[in-house]
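Okay, here's what each chain looks like letter by letter:
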Amino acid sequence: MVHETARDLIAAEYVHTTARGVSGRGGSGPPVAQHVVISGVIRQDDRIAAVSSRPIFRSAREVGAYYRTALAWQLRKHGYAIEQATGNHGRYFELADVPVSLREEFSQRAREVAQAIERFRAKYGRAPERGELRHLKLENRKAKQLTPATTSNKRWQQAAREHGSDPTKPPC
């Protein structure tokens, strides 16, 4: 097997259009979850080749950071203000013009996981380790509810209005 640096990637992006139910409710908020599958590479000589996936999996955090940086750049280019270094160890970003109360409304699933972690900590006197954390996330995970996009969009727009945000207002 010969390893060489690819000139380009052949990839597909999948954007989730449904969210998981939380605490007996419907989806928690707009499911801005994207997955990218790299199916091949274009070599320096323009030939298509298979992907050596192990290095990609080993560098998932760095690849994710690169992806989020490109997404933030595109959003800025379209007029959105970005709040940098948010979330888990400052690895993420948020849209600056979204009210905090609306962010919290749309973060019900994250709150469920945080509560499960606190229950674990109270029971065992320590934070869950990586495998235990994965198990906690899976054990209280509800199924995704298939909802027409028009229904979800109406629900999200109504929630935005209730939190003082105008979902129809263009950025900046």
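Owing to the predicted nature of the structure, the values given are computational and were not obtained by experimental measurement.

*Asks:* So what's going on with helix H4 (residues 108-124)? Which residues, and what values?
*Replies:* Over its 17 residues, H4 runs 24 Å from end to end, which matches the ideal 24 Å to within 8%, given 1.5 Å per residue. Among the residues of H4, those classed as buried are Gln-108, Arg-109, Glu-112, Val-113, Ala-116, Ile-117 and Phe-120. As for H4, its buried residues are in contact with helix H3 (100-105) and helix H5 (130-139). Phi turns positive one or two residues past the end of H4, at Gly-125, with a value near 75°.

*Asks:* Residue-level account of the nonpolar core, with values.
*Replies:* Residues Val-113, Ala-116, Ile-117, Phe-120 and Leu-136 constitute the largest nonpolar core, which totals five residues. The leading source of residues in this core is H4, at four residues.

*Asks:* Explain the sheet that holds strand E3 (residues 48-49) to me, using residue names and the numbers behind them.
*Replies:* Strand order in this open sheet of three strands is E1-E2-E3, and the pairing throughout is antiparallel. Two strands close off the open sheet at either side, each with one partner strand: strand E1 (8-15) and E3. Pairing geometry for E1 and strand E2 (residues 34-42), over eight bridges, is antiparallel. By the bridge assignment for E2, Ile-10 is matched with Gly-40.

*Asks:* Describe in detail the packing of aromatic side chains, supporting the description with residues and values.
*Replies:* Tallied over the entire structure, the rule returns one aromatic pair. Consider the rings of Phe-120 and Tyr-124, whose centres lie 4.6 Å apart with planes at 45°: the pair is tilted. Placement of both Phe-120 and Tyr-124 in helix H4 is noted, with a separation of four residues, approximately one turn of the helix. On the basis of relative accessibility, which here comes to 47%, the residue Tyr-124 falls in the partly exposed class.

Reading guide: rules and limits
Residues numbered from 1 in each chain as written. Predicted model: local features only at pLDDT ≥ 70, side-chain atom pairs only at ≥ 80, totals over all residues. Heavy atoms only, no water. Helix = DSSP H or I, 4+ residues; strand = E, 2+ residues; numbered from the N terminus. Expected span 1.5 Å × (residues − 1). Buried < 20%, exposed > 50% of the residue type's maximum accessible area, 1.4 Å probe, protein only. Contact = heavy atoms within 4.5 Å. Core = buried A, V, L, I, M, F, W, Y, C linked by side-chain atoms within 4.5 Å. Pairing = 2+ DSSP bridges. Phe/Tyr/Trp six-rings, centres within 6.5 Å; stacked < 30°, edge-to-face > 60°.

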